[in-house]
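As a plain string of letters, each chain reads:
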Amino acid sequence: MEQAPEKSKVTPKAPVQGVLWDLDGLLVDSEFPRRQAFVQIIKETFNSECTILDFLWTLGLKKDQVVDGLNQRYGQLAPVEDARGRGNPQRSIGEQILEWRDSLCLASEMRAMPGAEELLRDLRHLRVPMAIASSSVEEIVRASLEASKIPIGWFDQIVGGDD
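We now turn to the structure provided with this report. (Residues numbered from 1 in each chain as written. Predicted model: local features only at pLDDT ≥ 70, side-chain atom pairs only at ≥ 80, totals over all residues. Heavy atoms only, no water.)

Description of unusual backbone geometry
- A positive phi is found at R127, a non-glycine position, where the angle reads about 60°.
- Structurally, the position occupied by R127 is in the loop between helix 5 (116-125) and strand 4 (130-133).
- Positive phi, close to 70°, is recorded for K149, a residue that is not glycine.
- Structurally, K149 can be placed in the loop between helix 6 (138-147) and strand 5 (157-159). (Helix = DSSP H or I, 4+ residues; strand = E, 2+ residues; numbered from the N terminus.)

So, the nonpolar core
- Of all hydrophobic cores here, the largest spans 18 residues; its most connected members are W21, L27, L120, I132, L145, I150 and F155.
- Taken together, the elements giving at least two residues each to this core come down to helix 5, strand 4 and helix 6.
- Every residue in contact with W21, bar those within four places of it in the chain, is listed here: L26, L27, L119, L120, L123, M130, A131, I132, A133 and F155.
- Formed by 11 residues, the second largest nonpolar core is a distinct cluster that contains I41, C50, I97 and W100. (Core = buried A, V, L, I, M, F, W, Y, C linked by side-chain atoms within 4.5 Å. Buried < 20%, exposed > 50% of the residue type's maximum accessible area, 1.4 Å probe, protein only. Contact = heavy atoms within 4.5 Å.)

Quick word on the layout of surface pockets
- Roughly 330 Å³ of internal volume is contained in the largest pocket.
- Along its surface, the largest pocket is lined by 20 residues, and D24, R34, L61, S135 and S136 are the ones closest to its centre.
- If you list the elements that add at least two residues to the lining of the largest pocket, you get helix 1 (31-46), helix 3 (63-74) and helix 4 (93-107).
- Here the lining of the largest pocket takes three residues from helix 4, the largest share from any one element.
- Along the lines of polarity and charge, the residues of the lining of the largest pocket split into seven nonpolar, five polar and eight charged. (1 Å grid on protein atoms, 1.4 Å probe; cavity = no way out; pocket = protein on both sides within 12 Å on 5 of 7 lines; lining within 4 Å. Points joined across faces, edges and corners; volume = space filled by probe spheres on them. Nonpolar A, V, L, I, M, F, W, Y, C, P; charged D, E, K, R; others polar.)

Things to note about the pattern of salt bridges
- Taken as a whole and assessed by the stated rule, the structure comprises two salt bridges.
- Put simply, R142 and E138 hold a salt bridge, and the shortest N to O gap is 2.9 Å. Taken together, the residues R142 and E138, both in helix 6 and four residues apart, mark about one turn of the helix.
- On the basis of relative accessible area, R142 is assigned to the partly exposed category, the value being 33%. (Salt bridge = Lys/Arg side-chain N within 4 Å of Asp/Glu carboxyl O.)

With respect to the environment of D156
- Secondary-structure assignment places D156 in the loop between helix 6 and strand 5.
- Overall, the relative accessible area of 57% leaves D156 in the exposed class.
- In this structure, the C-alpha to C-alpha distance between D156 and V128, residues 28 residues apart in sequence, is 9.8 Å.
- In this structure D156 touches P129 and M130, once residues within four positions along its chain are discounted.

With respect to the side chain of S148
- Its location among the elements puts S148 in the loop between helix 6 and strand 5.
- Since its relative accessible area comes to 4%, S148 is described here as buried.
- A distance of 3.0 Å separates a polar atom in the side chain of S148 from the backbone oxygen of S144.
- A polar atom in the side chain of S148 sits 3.1 Å from the backbone oxygen of L145.
- Beyond its immediate chain neighbours, meaning those up to four positions away, S148 contacts V28, M110, R111 and A112. (Polar contact = N/O pair within 3.5 Å; in protein donor to acceptor, adjacent residues only side chain to side chain.)

In structure tokens:
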């Protein structure tokens, strides 16, 4: 059962109608775990070294855009199997890499960004409507919130890149 919010430390200068949040890198520190997972997968799957520059191009893109980019870099239709025997010949390499990346990320310790929980709690205390709009698919948004211990119920609406 959720505890009653504490008294807010925030005093808005004007009435706040609502707050629309992005998730990755703003509320949840997901970029580092995603980069680590991406580097690990590329190394294990393609026996290839990967740098941060190989990851940065994916930030802020929708899933289908990342899949297309990965398919262009690593081959569109060839099935891939990594060192753990993961692979699905019915899915493109890009789809498989993103699936593995997301599962590795969610298994890692994802954290709320510094100050995010306190600000969210204050806005909730002020009864400010809040929503998340992310290029990540809704399932990943919800899983990231859970992994970072930010209550999903604090948001009136969650819209992912798959909506």
